[in-house]
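# A structural walkthrough
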Amino acid sequence: MGVSGKGKLPLFETKVREGRTWYKLYVLSVLLGICLILVHRALHIPANGEKGRWAWIGLSMAEIWFGFYWILTQSTRWNPVYRRTFKDRLSTRYKDLPGVDIYVCTADPKIEPPIMVISTVLSVMAYEYPTEKLSVYLSDDGGSDITFYAFLEASRFAKAWIPFCKKFKIEPRSPAAYFKESYSGPDDKLVEWMEIKRLYEGMERSINSVANSGVVPDDIRKQHKGFSEWNGNATRSDHQPIVQILVDGRDEGARDNEGHVLPTLVYMAREKRPHRHHNFKAGAMNSLLRVSSEISNGALILNVDCDMYSNNSETIKDALCFFMDEEKGHEFAFVQLPQHYNNITKNDLYGNSLLAISEIDFHGLDGHGGPLYIGTGCYHRRESLLGKKYDKTHKLELVEKERDYKSTASALEERAKNLVTCTFEDNTQWGNKVGLKYGCPVEDVITGLSIQCNGWKSVYFNPQRRGFLGVAPVTLEQILIQHKRWSEGNLQILLSRYSPVSYGRNKITLGLQMCYSIYCLWAPCSIPTLCYAIIPPIYFLHGISLFPDVSDSWFLPFAYVITVTSIYSLLECLEIGYTPKGWWNEQRIWLYKRLASYPFALFDTALKQIGIAKSAFVITAKVASDEVLKRYEKEVIEFGSASLPFVIIATVAVLSPVCFIMGLVRLLFVQGVRSMGSMLVQVIICSVVSLINLPVYEAILVRQDAGRLPTSVALISLTVSLFAYVLPLN
């Protein structure tokens with residue numbers, strides 16, 4: 001192990017994965033197979049007028065795309081690195097640690113329940129870190145007095161919760177997550193545990209009661225001056241700026257039940273007016289940047305989604321090991337932790353765990369200069385978010401920022417309100433060169449890219465104990481909506497002036513440009529996938545071969561690439577924690593996203609490019625009915641509506657077995673069994689698509705619950721499939 005700075009041991013180490021020879025042989029062999037496939041396509045194009053010519057060309061274009069995209073995906077696997085921190089060295093070396101401002105963003109108390117929001121807030125208030133250096137900010141884009149009430153209750157409960165967490169070193173420090181498990185500690189802790197649980201359940205009942213009624217009672221309104229902000233005609237989309245300091249960490253009276261200083265706690269609802277665009281989450285984050293600069297001015301910023309509670313109370317110190325390392329620390333703009341969820345089923349029904357991204361992709365990105373900023377679970381250097389460029393000639397240390405200890409809380413509130421009005425950003429660089437970028441549904445990714453293009457590096461840290469846990473969508477519709485927003489936003493980045501291809505040239509490494517392009521090209525992947533899911537079955541139905549015969553030597557590259565990449569995918573997924581069934585579920589969701597989510601992202605992006613539509617931000621629901629949750633826990637896919645995405649999925653699902661059966665009949669009784677060799681690949685495609693869609697057939701034919709597919713969807717899909725039989729082919 002090397003040393004850092006002036007003979008000091010480093011605060012972190014980086015390890016490169018070894019034993020990559022077999023992987024590199026795999027890549028070279030598959031690449032050769034892809035080239036041979038494309039050569040075959042070019043040499044055997046059907047003549048003009050011959051049936052299958054256009055289908056052949058279409059599949060050729062799809063295979064060119066798949067080959068190109070596969071090469072891109074290997075960029076994340078070529079040079080993965082793994083980080084380890086040494087928090088003991090940090091504690092020994094630094095006694096005065098920098099201030100940390102923590103941002104929690106919420107937008108709708110109906111979709112994001114207040115009790116869930118404040119559990120996240122309480123989890124980050126209880127970090128193993130000097131409380132006088134912690135400041136927690138809640139941005140409420142719903143402008144809800146109910147959320148404010150929940151926040152007020154959290155500030156009171158924190159007086160008992162924080163000392164309890166630190167006394168017994170409990171994990172996780174979200175009370176909702178912690179008390180979900182039965183007690184298993186020592187007897188001397190039981191009495192205190194029961195008392196804290198009683199306090200939490202009382203708070204939970206009070207908050208849920210107010211949330212369900214939709215009205216904060218008058219007797220509660222009298223408990224805090226902040227409720228006066230809702231005395232007028234304030235609505236979610238039309239209200240004045242609101243900033244309330246519920247706990248002032250500078251105040252000697254702001255102490256917990258053990259007499260220790262409480263973290264500063266601030267509620268913010270930026271001004272909203274119907275005629276003013278508020279720039280979604282990016283606008284909220286920029287408002288928090290300005291408000292926190294006025295109140296606490298922490299050198300380090302952590303932002304988390306309101307459902308993404310802290311599961312590891314040590315991650316601030318982990319992040320500081322990177323930022324405060326004497327040799328490398330000045331290079332880093334942000335430290336990104338993975339996005340994990342606490343409600344994943346055993347076999348990951350909807351592919352929610354994103355393990356391939358967190359366990360493979362981001363380690364590979366880190367090897368090329370740093371991961372993407374994904375909008376939650378990320379520690380930022382304040383200067384980098386404010387647009388400062390990296391200067392290798394000047395080491396910018398992470399030092400304590402100047403904080404106003406003279407002004408009263410009321411004075412700070414009034415000054416902060418002026419920073420979050422609708423007009424404050426007019427004629428400024430906010431949203432452009434300063435703060436998070438505007439104009440893109442994935443403001444986090446485009447902001448992280450611009451920071452890296454400013455010369456900074458980022459770090460991916462994947463601790464053994466997961467840093468944050470959130471709530472994953474529990475219905476297929478929510479998954480498709482979420483990925484539509486992600487893929488649409490990423491494609492918009494590619495088409496914007498911040499494209500990693502053009503804007504990133506000579507600013508970030510080629511490998512990092514390729515890695516970004518993987519996500520930017522999610523949406524265009526829908527077209528070749530649709531081609532491969534539809535064309536081979538239809539042409540098999542009509543007895544037209546689109547692939548080489550089994551006896552032909554050109555069959556070998558097709559067989560090799562399909563077999564080897566499938567086996568590699570399975571082994572890779574098993575290595576990172578998937579079950580075999582989980583891998584199969586991942587393949588299904590991969591197909592559904594490309595069939596029924598990415599095409600809409602592609603279409604909407606095209607409309608935006610020609611000025612017909614504008615960007616929108618759809619919040620993923622964090623709540624579901626009991627019946628939906630029961631089906632999710634049983635790993636039963638939730639359909640339930642006749643929406644267009646489900647019509648597409650059902651149509652492709654029904655098309656394959658219809659084409660397979662009718663094509664097999666033709667093969668056996670018209671063309672003869674000898675023709676099977678030239679049709680084998682198409683038979684395999686029909687079979688795999690049919691097997692992967694077994695839940696669709698069950699939802700159409702067997703299930704009677706509310707999550708089944710409506711009869712109308714079944715009729716549409718069957719009609720379209722039968723139409724394929726009479727479709728004239730060229």
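How each quantity is defined
Residues numbered from 1 in each chain as written. Predicted model: local features only at pLDDT ≥ 70, side-chain atom pairs only at ≥ 80, totals over all residues. Heavy atoms only, no water. Helix = DSSP H or I, 4+ residues; strand = E, 2+ residues; numbered from the N terminus. Rg over C-alpha atoms; globule rule 2.2 N^0.38 Å. Buried < 20%, exposed > 50% of the residue type's maximum accessible area, 1.4 Å probe, protein only. Contact = heavy atoms within 4.5 Å. Lys, Arg positive; Asp, Glu negative; His and termini not counted. Charge placed at Lys NZ, Arg CZ, Asp CG, Glu CD. UniProt positions renumbered as here; feature names shortened; annotations may be inferred. Phe/Tyr/Trp six-rings, centres within 6.5 Å; stacked < 30°, edge-to-face > 60°. Lys NZ or Arg CZ within 6 Å of the ring centre and 35° of its normal. Patch = residues over 30% accessible without salt bridge, like charges linked within 9 Å, V, L, I, M, F, W, Y side chains within 5 Å. Areas by Shrake-Rupley, 256 points an atom, 1.4 Å probe, with all protein chains shown as cover. Salt bridge = Lys/Arg side-chain N within 4 Å of Asp/Glu carboxyl O. Pairing = 2+ DSSP bridges. Axes fitted to C-alpha atoms, helices over the stretch in contact; angles between N-to-C directions.

Our focus in this paragraph is the overall build of the protein. When helices and strands are counted, the protein shows 25 helices and 13 strands. For 730 residues, the compact-globule estimate of 2.2 N^0.38 gives 27 Å, and the protein sits close to it at 28 Å. Summarising its shape, the C-alpha atoms of the protein cover approximately 90 × 60 × 60 Å along the three principal directions. Within the protein, the proportion of its 730 residues that are buried is 58%. In the protein, of all internal contacts separated by at least 6 residues, the share reaching a separation of at least 24 is 83%. Across the protein, the centroid of the 79 positively charged side chains sits 5 Å from that of the 73 negatively charged ones.

Our focus in this paragraph is the UniProt feature "active site" (unreviewed entry) in the protein. Summarizing the sequence annotation, UniProt attributes the feature "active site" (unreviewed entry) to Asp141 and Asp444 in the numbering used throughout. By the element assignment, Asp141 lies in the loop between strand E4 (134–140) and helix H5 (145–168). A residue is classified by how much of its surface remains accessible, and Asp141, at 8% relative accessible area, is buried. If we skip the residues at most four places from it in the chain, Asp141 touches Thr106, Ala107, Arg236, Arg270, Lys272, His278, Phe280 and Ala284. Relative to the helices and strands, Asp444 is located in helix H14 (residues 443–453). Here Asp444 falls in the buried class, since its relative accessible area comes to 10%. What Asp444 contacts, discounting residues up to four positions off in sequence, is Tyr373, Ile374 and Gly375.

Our focus in this paragraph is the packing of aromatic side chains. Both the distance between ring centres and the angle between the ring planes are used here to describe each pair of aromatic rings. A full pass over the atoms with the stated rule returns 40 aromatic pairs. When the ring of Phe322 is compared with that of Phe461, the centres are 5.6 Å apart and the planes differ by 65°; the resulting orientation is edge-to-face. Linking Phe322 in helix H10 (residues 315–323) with Phe461 in the loop between strand E12 (457–460) and strand E13 (468–470), this pair joins segments that are 139 residues apart in sequence. Overall, the relative accessible area of 5% leaves Phe461 in the buried class. One aromatic cluster is present, formed by Phe157, Trp161, Phe164, Phe168, Tyr178, Phe179, Tyr183, Trp193 and Tyr200 through successive ring pairs. Between the NZ or CZ atom of Arg290 and the centre of the ring of Trp430, over which it lies, the distance is 4.7 Å.

So, about a positive patch on the surface. Together, Lys389, Lys433, Arg497 and Lys507 make up a positively charged patch on the protein surface. Structurally, Lys433 is set in the loop between helix H13 (409–417) and H14. Classification of Lys433 as exposed rests on a relative accessible area of 58%.

Taken as a whole, helix H24 (residues 694–701) has its buried residues at Pro695, Val696, Tyr697, Ala699 and Ile700. Buried residues belonging to H24 abut helix H19 (580–596), helix H22 (644–671), helix H23 (676–692) and helix H25 (711–726).

All right, on to the sheet that holds strand E5 (residues 242–247) then. Within the open sheet, the eight strands sit side by side as E5-E6-E4-E3-E7-E11-E9-E12. Their pairing is mixed. Unpaired on one side and paired on the other, E5 and E12 mark the two borders of the sheet. If you compare each strand with its neighbour and ignore which way they point, the axes differ by 20° on average. The strands touched by helix H4 (residues 114–125) are strand E3 (100–106), E4, strand E6 (264–269) and strand E7 (300–305); relative to E4, the strand with the most contacts, the crossing angle is about 165°. Against the sheet, H10 contacts E3, E4, E7, strand E9 (332–336), strand E11 (378–381) and E12, and its axis sits at roughly 150° relative to E9.

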